[in-house]
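Examining the three-dimensional arrangement
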Amino acid sequence: MEKWECEVCGYIYDPAEGDSSAGIKPGTPFEELPDDWVCPDCGVGKEEFTKLD
């Protein structure tokens, strides 16, 4: 699964880890995150993330 980086603060969303602060279980792909999910570090939306190579 691909990791995604927040363009604002550099937070990396790793699907293998999920986002426990938002109740996102490990193994959840970025594409399956809820539309209202925000970066846990700076609060921007999914549109501010880019896929890492």
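Residues numbered from 1 in each chain as written. Predicted model: local features only at pLDDT ≥ 70, side-chain atom pairs only at ≥ 80, totals over all residues. Heavy atoms only, no water.

Of all hydrophobic cores here, the largest spans eleven residues; its members are Trp4, Cys6, Tyr11, Tyr13, Ile24, Phe30, Leu33, Trp37, Cys39, Val44 and Phe49. In contact with Leu33, not counting residues within four places along its chain, are Tyr13, Ile24, Thr28 and Lys46. (Core = buried A, V, L, I, M, F, W, Y, C linked by side-chain atoms within 4.5 Å. Buried < 20%, exposed > 50% of the residue type's maximum accessible area, 1.4 Å probe, protein only. Contact = heavy atoms within 4.5 Å.)

The subject of this paragraph is the side chain of Asp19. Summarising the element assignment, Asp19 is placed in the loop between β2 (12–13) and β3 (49–51). Setting aside residues no more than four positions away along its own chain, Asp19 makes contact with Tyr13, Ile24, Trp37 and Pro40. (Helix = DSSP H or I, 4+ residues; strand = E, 2+ residues; numbered from the N terminus.)

Take the packing of aromatic side chains next. For the structure on display, the rule yields seven aromatic pairs. Judged by centre distance (4.2 Å) and plane angle (10°), the ring pair of Trp4 and Phe30 falls under stacked. Placement of the pair is Trp4 in strand β1 (residues 4–6) and Phe30 in the loop between β2 and β3, with a sequence separation of 26 residues. Across the pair, Phe30 and Trp4 agree in class, each one buried. Relative to Trp37, the ring of Tyr13 lies with its centre 5.6 Å away and its plane at 70°, an arrangement referred to as edge-to-face. Within this pair, whereas Tyr13 is found in strand β2, its partner Trp37 is found in the loop between β2 and β3, the two being separated by 24 residues in sequence. Like Tyr13, the residue Trp37 is buried in the burial classification. Clustering of aromatic rings is evident, with ring pairs tying together Trp4, Tyr11, Tyr13, Phe30, Trp37 and Phe49. In this structure, Lys46 packs its charged tip against the face of Phe30, placed 5.4 Å from the ring centre. (Phe/Tyr/Trp six-rings, centres within 6.5 Å; stacked < 30°, edge-to-face > 60°. Lys NZ or Arg CZ within 6 Å of the ring centre and 35° of its normal.)

Let us look at the sheet that holds β2. Reading across the sheet, the three strands line up as β2-β1-β3 and stay open at both edges, with antiparallel pairing between neighbours. Of all the strands in the sheet, the pair left with one neighbour each is β2 and β3. Sheet analysis places β1 next to β2, joined by two bridges and oriented antiparallel. Counted as the bridge partner of Glu5 is Ile12 from β2. (Pairing = 2+ DSSP bridges.)

The analysis is restricted to geometry; functional conclusions fall outside its scope.
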